[in-house]
Amino acid sequence: MNRELQRALEPFDKIYVLTLRRTPHRQELMQRLLDGITFEFFYGADKNDFTLEDLERQGVIDGALIVKHQLQGRTLMAGMIGCSISHRMMYERIAASACKSVLILEDDLNLEAGNVARCVDAISELPRDWELLYLDYIKPAEPSLKQRAVQLKHAAQSLAGAFPLSVKAIFNRFAAPY
């Protein structure tokens, strides 16, 4: 599987895997999954290192906007906000780099062999001037409570831009402050 995966990831100048310092077990899994592929762990904002009140006081988030833009009737949780902040931190690093295209993965990636071929096909069909490719996740017909929480997290990430981006897209979409 890795040879096919390596081929699919060739177009990317840089590959980041979003993780947290407190999850070395996930990092080990990603190292095994991506064996032979050059990538870098990006250590994100851990919900255990901040409070929502601190973030609001610092002007990072706006509590009123969080309530206004609830997802599926639920308020964004600290972990979701931390994930969004982490992606924003990555975008800032990418924007400051010379990279033309970057792939952002998360440390809970579950890559099945059949999906690798689909990724290869999707990436090979990208136009030269592509800006954004969002590889969604598999949604079960009737999600469990845990799966619904994951879906909610992914919805928050998609609002924050958690997907492979060209540097041009970063400048076009994420120039505004938090």
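All values reported here derive from a predicted model rather than from experimental measurement. (Residues numbered from 1 in each chain as written. Predicted model: local features only at pLDDT ≥ 70, side-chain atom pairs only at ≥ 80, totals over all residues. Heavy atoms only, no water.)

Quick look at the pattern of salt bridges now. Applying the stated criterion to the full structure yields six salt bridges. A salt bridge links Asp54 to Arg57; the shortest N-O distance between them is 2.3 Å. Placement of the pair is Asp54 and Arg57 together in helix α3 (residues 52–57), with a separation of three residues, close to one helical turn. On the basis of relative accessible area, Arg57 is assigned to the exposed category, the value being 63%. (Salt bridge = Lys/Arg side-chain N within 4 Å of Asp/Glu carboxyl O. Helix = DSSP H or I, 4+ residues; strand = E, 2+ residues; numbered from the N terminus. Buried < 20%, exposed > 50% of the residue type's maximum accessible area, 1.4 Å probe, protein only.)

Glancing now at the pairing of strand β1 (residues 14–19). Extensive coverage of β1 is indicated by the burial of five of its six residues. With five bridges connecting them, β1 and strand β3 (residues 101–106) associate as parallel partners. Bridge pairing in β3 links Lys14 to Val102. Alignment of β1 against strand β2 (residues 40–43), held across four bridges, turns out to be parallel. (Pairing = 2+ DSSP bridges.)

Scanning the entire structure with this criterion turns up four aromatic pairs. Ring centres of Phe12 and Trp130 lie 6.2 Å apart, and the angle between their planes is 80°; this geometry places the pair in the edge-to-face category. Here Trp130 lies in the loop between α6 (113–124) and α7 (145–160) and Phe12 lies in the loop between α1 (2–9) and β1, a separation of 118 residues in the sequence. Classification of Phe12 as buried rests on a relative accessible area of 9%. Given the relative accessible area of 16%, Trp130 is considered buried. With a centroid separation of 5.1 Å and an interplanar angle of 90°, the aromatic rings of Phe39 and Phe41 are classed as edge-to-face. The exposure class of Phe41 is buried, given its relative accessible area of 15%. (Phe/Tyr/Trp six-rings, centres within 6.5 Å; stacked < 30°, edge-to-face > 60°.)

This next bit is on the environment of Asn2. With respect to the element layout, Asn2 can be found in helix α1. The partly exposed category is assigned to Asn2, whose relative accessible area is 21%. A C-alpha to C-alpha distance of 7.3 Å links Asn2 and Gly36, two positions 34 residues apart in sequence. Ignoring any residue separated from it by four or fewer positions in sequence, one finds Asn2 in contact with Arg32, Leu33, Leu34 and Asp35. (Contact = heavy atoms within 4.5 Å.)

Attention now goes to the confidence of the model for the chain. Summary statistics for the chain give a mean pLDDT of 78 and a share of 72% for residues scoring 70 or more. Mean pLDDT in the chain bottoms out at strand β4 (residues 165–166), which sits at 57, and peaks at β2, which reaches 97. (pLDDT = per-residue confidence, 0-100.)

Turning our eyes to something else, we now look at the environment of His87. Note that His87 resides in helix α5 (residues 78–95). With a relative accessible area of 1%, His87 lands in the buried category.

What follows concerns α1. Where α1 is concerned, the buried positions are Leu5, Ala8 and Leu9. Summarising the axial view, the buried residues of α1 lie within an arc of 90°, below the 170-degree limit, and thus occupy one face. (Arc of directions from axis to C-beta.)

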